[in-house]
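# Structure assessment
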Amino acid sequence: MNIDSIKNGYVLDHIKAGKAMEIYEQLNLANLDCQVALITNAKSKKMGRKDIIKIDRLIDIDLDKLGFIDPNITVDVVKEEKLIEKKKIDLPEKIVNVAKCKNPRCITSVEKDLDQIFVLTDKENQIYRCHYCETSLKD
Amino acid sequence: MKHLIDIKDFSVEEINDLIKVAKNIIKSPDKYSHKCDGKILATLFFEPSTRTRLSFESAMLRLGGNVLGFSEASSSSVSKGESVADTIHVVGGYSDVIAMRHPKEGAPFVASVKSSVPIINAGDGGHNHPTQTLTDLLTISQEKGRLDNLTIGLCGDLKFGRTVHSLINAMLRYKNIKFVLISPDELKLPEYMIKVLESSGVEYIETNDIEEYMGDLDILYMTRVQKERFFNEQDYIRLKDYYILNLDKLKNAKKDLCIMHPLPRVNEISTDVDDDPRAAYFRQAEYGVYIRMALIMYMLGVK
Ligand SMILES: [Zn+2]
């Protein structure tokens, strides 16, 4: 399948090699009944190797989730088999229910109804901290 | 509605105003003894901390108000699995202001989202303890007469001791502050706090020798090494008595040094220091009541 075979949909390009499956799962792509293609280890001039995901439908994509996994991914929007937009994504300021706080002393470890909220506190180093206990996701 | 969850919730002006009121209370306590007549403070302590709870209750009683509450989760509905939000929803109807301590970090924030009355965080796990920081600021201001132009030694557990992190954050807002960070290598100030110091441009020195810079210090803030922070008993035993302040170690210290400790102490300060006029830690505990009086008035909108 190449881009020509998508009528209306997306090409998620410049995914770091090996990350396609994680994105497939995070975006719940298994639940779609349209064509979805995962290409792993494609050759790339810029990146050496990369992954690509093609989705043959204009679904609602959570760009924050995507940006959190890898802010360097590009999203090509295809309509009527034409590339109409290249969306640049960025690190989201806040992510909700994407990652879980690992701090066993955090209130979210006992109150399961609370949203898991993380806030970007250091953009340069991509540090997200729990909105409740301020534990870094990278600790 | 104003809540105090994190010391950063208050501006420097708000903190300075609280300190001013607290100093007035110290001078003329009688003027304040009916400020909160008819008001109720709820002290919801989901984990025991007798000292902090009594300090809050004393503060409210000295303002003429009343107190109710519980001192541990097992005596409350929490043991039956009630959520923080539900508990607060109910208790908000019984009281005018709530002081809450909880073993889980972020619990007071969760409470504040749903609360119909002001929430004061009286400590959430090892996370925030803003009334301790306010107490520390009043102590420094009262003992030294200023909050700027100070060299502050912080000694002991600088890694997990968030009282120290919070004090650093609060003091960075004042001019010409220098820090001497005294700790064993295993308990050094964490990287992200070093970054805070670096980006503020403040002067700081790290050392593991308590005596090395003793003569430069205006404040010496001692902390306790907390057992629950260690996975391994041996590490705790090795580090808990790493620093024991005694009169001998103070021989090069300034005559007007101010020695602080959030209490309770274990072995960090030898009892022979207690009678030295520079030992401010028992006065510090008393200042805690006055700053909490000022805080309760502020939260209730009482002038
Ligand atoms: Zn957390």
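Bear in mind the structure is a predicted one, so any value in this text is a computation, not a measurement.

### Re the pairing of strand 8 (residues 127-130) of chain A
The side chains of a regular strand alternate, first on one face of the sheet and then on the other. All names here are of chain A. Residues Ile127 and Arg129 line one face of strand 8 and the alternating positions Tyr128 and Cys130 line the opposite face, and both faces are buried. By the bridge criterion, four bridges tie strand 7 (residues 117-122) to strand 8 in an arrangement that is antiparallel. Counted as the bridge partner of Val119 is Arg129 from strand 8. Linking strand 7 to strand 8, which pair antiparallel, is a turn of four residues; within it Gln126 sits at a positive phi near 50°.

### Details of the packing of aromatic side chains
Under the counting rule described, the total for this entry stands at six aromatic pairs over all chains. Ring centres 5.8 Å apart and planes at 70° place the aromatic pair Tyr132 of chain A and Phe109 of chain B in the edge-to-face group. Taken together, the residues Tyr132 of chain A in the segment after strand 8 and Phe109 of chain B in helix 4 (residues 107-114) connect one chain to another. Judged by its relative accessible area of 6%, Tyr132 of chain A falls in the buried class. For Phe109 of chain B, a relative accessible area of 23% translates into the label partly exposed. Geometrically, the ring pair formed by Tyr242 of chain B and Tyr243 of chain B is edge-to-face, given 4.9 Å between the ring centres and 65° between the ring planes.

### Considering the domain arrangement of chain A
All names here are of chain A. Split into domains, chain A comes out as domain 1 (9-88) and domain 2 (94-130). One C-alpha centre belongs to domain 1, the other to domain 2; they are set 25 Å apart. With five residues of domain 1 at the interface, the matching set in domain 2 holds six residues. Approximately 460 Å² of surface area, both sides summed, lies buried where domain 1 meets domain 2, with 72% of it carried by carbon and sulfur atoms. Run the count over domain 1 and domain 2 and you get zero residue pairs in polar contact (both at pLDDT 80 or more). It is helix 2 (residues 63-69) that contributes the most residues to the side of domain 1 that touches domain 2, three residues altogether.

### Some remarks on unusual backbone geometry
Look at the link from Leu263 of chain B to Pro264 of chain B: it is a cis peptide, with omega at 0°. Even without being a glycine, Asn28 of chain A presents a positive backbone phi close to 55°. For Asn28 of chain A, the location among the structural elements is in the loop between helix 1 (20-26) and strand 2 (36-44). The phi torsion at Asn41 of chain A lies on the positive side, around 55°, for a residue other than glycine.

### Structural notes on empty space enclosed by the protein
Residues and elements named next belong to chain B. Going through the model one piece at a time under the given rule, you end up with two cavities of 30 Å³ or more. Its boundaries defined by the atoms lining it, the largest cavity holds a volume of some 60 Å³. Lining the largest cavity we find Cys155, Gly156, Pro184, Leu187, Met222, Thr223, Val225, Leu239, Lys240, Tyr242, Tyr243 and Glu268. In terms of residue class, the lining of the largest cavity is made up of eight nonpolar, two polar and two charged. Counted as a void, the second largest cavity has a volume near 30 Å³. For the second largest cavity, the full set of lining residues is Arg224, Val225, Tyr236, Lys240, Asp241, Val266, Asn267 and Glu268. Each residue belonging to the lining of the second largest cavity can be placed in one class, and the counts come to three nonpolar, one polar and four charged.

### A closer look at the environment of Ile119 of chain B
Residue and element names in this part refer to chain B. Relative to the helices and strands, Ile119 resides in strand 4 (residues 119-124). Placed 33 residues apart in sequence, Ile119 and Ile152 show a C-alpha to C-alpha distance of 31 Å. With near-sequence residues (within four places) excluded, Ile119 lies in contact with Lys2, His3, Leu4, Ile5, Ile88, Ile98, Pro108, Ala111, Ser112 and Met299.

### Digging into the sheet that holds strand 7 (residues 203-207) of chain B
Residue and element names in this part refer to chain B. Pairing is parallel in the open sheet, where five strands are placed in the order 7-6-5-8-9. Two strands in the sheet have a free side with no partner beyond their single neighbour: strand 7 and strand 9 (258-260). For this sheet the average axis-to-axis angle between neighbouring strands, irrespective of direction, equals 15°. Of the strands in this sheet, strand 5 (150-155), strand 8 (219-222) and strand 9 are in contact with helix 5 (residues 130-144), which crosses strand 9 at around 165°.

### A closer look at the environment of Asp86 of chain B
Along the chain, Asp86 of chain B falls in helix 3 (residues 84-91). Each C-alpha atom of the pair Asp86 of chain B and Phe70 of chain B lies 16 Å from the other, and the pair is 16 residues apart in sequence.

### Description of helix 1 (residues 12-27) of chain B
Residue and element names in this part refer to chain B. For helix 1, spanning 16 residues, the distance from its first C-alpha to its last is 23 Å, which sits close to the expected 22 Å at 1.5 Å a residue. Glu14, Ile15, Leu18, Ile19, Ala22 and Ile25 are the residues of helix 1 that are buried. Down the axis of helix 1, the sector holding all buried residues measures 135°, keeping them to one side. Seen from the open side of helix 1, the exposed residues pointing more than 90 degrees away from its buried face are Glu13, Lys20 and Lys27. The inward-facing, buried residues of helix 1 contact helix 5 and helix 9 (281-300).

Criteria and thresholds
- Residues numbered from 1 in each chain as written.
- Chains lettered and ligands numbered in written order.
- Predicted model: local features only at pLDDT ≥ 70, side-chain atom pairs only at ≥ 80, totals over all residues.
- Heavy atoms only, no water.
- Buried < 20%, exposed > 50% of the residue type's maximum accessible area, 1.4 Å probe, protein only.
- Helix = DSSP H or I, 4+ residues; strand = E, 2+ residues; numbered from the N terminus.
- Pairing = 2+ DSSP bridges.
- Phe/Tyr/Trp six-rings, centres within 6.5 Å; stacked < 30°, edge-to-face > 60°.
- Domains from an automatic or database assignment.
- Contact = heavy atoms within 4.5 Å.
- Buried area = accessible area lost by both parts, 1.4 Å probe.
- Polar contact = N/O pair within 3.5 Å; in protein donor to acceptor, adjacent residues only side chain to side chain.
- 1 Å grid on protein atoms, 1.4 Å probe; cavity = no way out; pocket = protein on both sides within 12 Å on 5 of 7 lines; lining within 4 Å.
- Points joined across faces, edges and corners; volume = space filled by probe spheres on them.
- Nonpolar A, V, L, I, M, F, W, Y, C, P; charged D, E, K, R; others polar.
- Axes fitted to C-alpha atoms, helices over the stretch in contact; angles between N-to-C directions.
- Expected span 1.5 Å × (residues − 1).
- Arc of directions from axis to C-beta.

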